[in-house]
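Examining the three-dimensional arrangement
Listed below, chain by chain, are the residues.
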Amino acid sequence: MARPSQYPLELRRRAVRMVAEVRPEYDTEWAAMKAVAQKLGIGTTETLRKWVRQDQIDAGTRPGSTTEESAELKRLKKENAELKRANDILKAAASFFAAELDRPHTRS
């Protein structure tokens, strides 16, 4: 299971907005991201770059899986794993009871 982000959602949103706002003041997008990351105390510029890219995907301006799609896929994978475990348990139980029915019983 992934660990929760050390950065609150509001900080991430603010950082992404700031990159868009200050981008014209810098030669490259990376330079704008670096300045915003330093100003807000974000560990690495790469972290902010990922947030910006995901925001672009969520907005539909960049191809990729949206945050909602990723969450739904994760939920479905978890549900699928639970159903497989339940199915394995049921198969084992059916096998056990079938063996009990096939076993000859002696009456006393």
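What you see is a predicted model; the values in this text were computed from it and never measured.

Turning our eyes to something else, we now look at the overall build of the protein chain. Tallying secondary structure elements over the protein chain gives 4 helices and 0 strands in all. Taken from N to C terminus, the helices and strands of the protein chain fall in the order α-α-α-α. The C-alpha atoms of the protein chain give a radius of gyration of 26 Å, which is well past the 13 Å a tight globule of 108 residues would have. With respect to the principal axes defined by its C-alpha atoms, the protein chain has extents near 95 × 25 × 20 Å. Looking at the protein chain residue by residue over its 108 residues, the buried ones come to 18%. Considering only intrachain contacts with a sequence separation of at least 6, the fraction spanning at least 24 residues in the protein chain is 33%. For the protein chain, the accessible area works out to roughly 8900 Å², and carbon and sulfur atoms hold 55% of it.

Taking 1.5 Å as the rise per residue, helix α2 (residues 29-40) with 12 residues should run 16 Å; its terminal C-alpha atoms sit 17 Å apart, in good agreement. Residues of α2 that are buried: A32, M33, V36, A37 and L40. Looking straight down α2, one finds that the buried residues subtend no more than 130° of arc, so they occupy a single side. Relative to its buried face, α2 has exposed residues pointing more than 90 degrees away, namely Q38 and K39. Contacts from the buried residues of α2 go to α1 (9-22) and α3 (45-59). G41, located one to two residues past α2, shows a positive phi value of around 75°.

A word on the packing of α2 against α3. At a minimum axis separation of 9 Å, α2 and α3 run at an interaxial angle of 115°. Once α2 is placed against α3, the crossing between them reads as right-handed. Across the interface between the two elements, E29, W30, M33, K34, V36 and A37 from α2 touch T45, E46, L48, R49, V52, R53 and Q56 from α3. Partitioned by chemical class, the residues of the contact of α2 with α3 number 6 nonpolar, 2 polar and 5 charged.

It is worth spelling out the nonpolar core at this point. Note that soluble globular proteins tend to have their nonpolar side chains buried in a common cluster. Formed by 16 residues in total, the largest nonpolar core has its most connected members in A15, V36, L40, I42, L48 and W51. Discounting chain neighbours no more than four positions away, the residues touching W51 are Y7, R12, A15, V16 and I42.

Mean pLDDT over the protein chain stands at 92; residues scoring 70 or higher make up 95%. Here helix α4 (residues 67-102) stands out as the element of the protein chain with the lowest mean pLDDT, 93, in contrast to α2, whose mean of 97 is the highest.

Here is what the cut-offs are and how they apply
- Residues numbered from 1 in each chain as written.
- Predicted model: local features only at pLDDT ≥ 70, side-chain atom pairs only at ≥ 80, totals over all residues.
- Heavy atoms only, no water.
- Helix = DSSP H or I, 4+ residues; strand = E, 2+ residues; numbered from the N terminus.
- Rg over C-alpha atoms; globule rule 2.2 N^0.38 Å.
- Buried < 20%, exposed > 50% of the residue type's maximum accessible area, 1.4 Å probe, protein only.
- Contact = heavy atoms within 4.5 Å.
- Areas by Shrake-Rupley, 256 points an atom, 1.4 Å probe, with all protein chains shown as cover.
- Expected span 1.5 Å × (residues − 1).
- Arc of directions from axis to C-beta.
- Axes fitted to C-alpha atoms, helices over the stretch in contact; angles between N-to-C directions.
- Left-handed = near helix turned anticlockwise from the far one by under 90°.
- Nonpolar A, V, L, I, M, F, W, Y, C, P; charged D, E, K, R; others polar.
- Core = buried A, V, L, I, M, F, W, Y, C linked by side-chain atoms within 4.5 Å.
- pLDDT = per-residue confidence, 0-100.

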